[in-house]
Amino acid sequence: MHELTAQGNDEHLSRQLLHRATNTGWIEVIAGSMFSGKSEELIRRLRRAKIARQKVQVFKPQIDTRYALDYIVSHSEMRHESNAVASSAELLSQVEPDTEVIGIDEAQFFDNGLVSVANELARRGVRVIIAGLDQDFRGVPFDPVPQLLSIAEYITKTHAICVRCGQPANYSQRIVESEERVAVGASDMYEARCRRCFVPHADAPTAHLVEASIDL
Ligand code: ADP
Ligand code: ZN
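Residues numbered from 1 in each chain as written. Chains lettered and ligands numbered in written order. Predicted model: local features only at pLDDT ≥ 70, side-chain atom pairs only at ≥ 80, totals over all residues.

(A) Representation of the sheet that holds strand S7 (residues 127-133). Reading across the sheet, the six strands line up as S5-S2-S6-S7-S1-S8 and stay open at both edges, with parallel pairing between neighbours. Unpaired on one side and paired on the other, strand S5 (83-85) and strand S8 (154-158) mark the two borders of the sheet. The mean angle between the axes of side-by-side strands here comes to 20°, regardless of whether they run parallel or antiparallel. Relative to S8, strand S1 (residues 26-32) runs parallel, the two being bridged by five bridges. Note on S8: the bridge partner recorded for Val29 is Ile155. Packing of helix H4 (residues 114-123) onto the sheet brings it into contact with S1, strand S6 (101-104) and S7, and relative to S7 it is tilted by some 155°. (Pairing = 2+ DSSP bridges. Helix = DSSP H or I, 4+ residues; strand = E, 2+ residues; numbered from the N terminus. Axes fitted to C-alpha atoms, helices over the stretch in contact; angles between N-to-C directions. Contact = placed C-beta atoms within 7 Å.)

And the structure:
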């Protein structure tokens, strides 16, 4: 039983072996700021599952239209096929009975029903791997990722590199003017910042903050 208590990526490996033996499902969440490598890590795990000849299905929310609809794509141009779905209910309806591993990217753009859908899939014996932003551009926890972190068996927190100082970055700073919580974009709209360099938006007018972030 030693390997069941191992930490980090090895844990997933031993879990994979156990999965075959017992058909037990579980939830893994990969959470962090933008540019922290969530999509890369998700794609890496999915590729390895395919090497193990497991049946894999991948989903993303339809709202994320930055890149091709039928792929999840990392900022470093790694890509993996995916199905774009409008809701967690549609995701569940598209799961095929013999699927062993499900990848879900951009979890923060799903409805809160994703929490019970993930639980249901794990109950059926599926390994559910979910990647998502844990905070919005203001630094506010981004539903349903906090709830998913609570119910997950395994959590990986990823960090980007602060573009200002080079320290590990935990925040996604919006560098254009918009009050919308959901404004989909990449390096043209956001940059990775550490706690010291992040300029909180919550109670301040956006224009002032944008000015501050550009002038620094
Ligand atoms: P996420 O899904 O968390 O937004 P991705 O997996 O799409 O992240 O992209 C991670 C990649 O982004 C890195 O491997 C690197 O090539 C690139 N990148 C660009 N800017 C940064 C940054 N500030 N810190 C770290 N990686 C960055
Ligand atoms: Zn910094």
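(B) Unusual backbone geometry, seen in detail. The step from Asp143 to Pro144 runs through a cis peptide bond, and the omega angle for that step is 0°. Relative to the assigned elements, Pro144 resides in the loop between S7 and helix H5 (145-151). At Phe35, a residue that is not glycine, the phi angle is positive and equals roughly 70°. Looking at the element boundaries, Phe35 is found in the loop between S1 and helix H2 (38-51). Phi at Glu106 takes a positive value of approximately 55°, unusual for a residue other than glycine. With respect to the helices, strands and loops of the structure, Glu106 is situated in the loop between S6 and H4.

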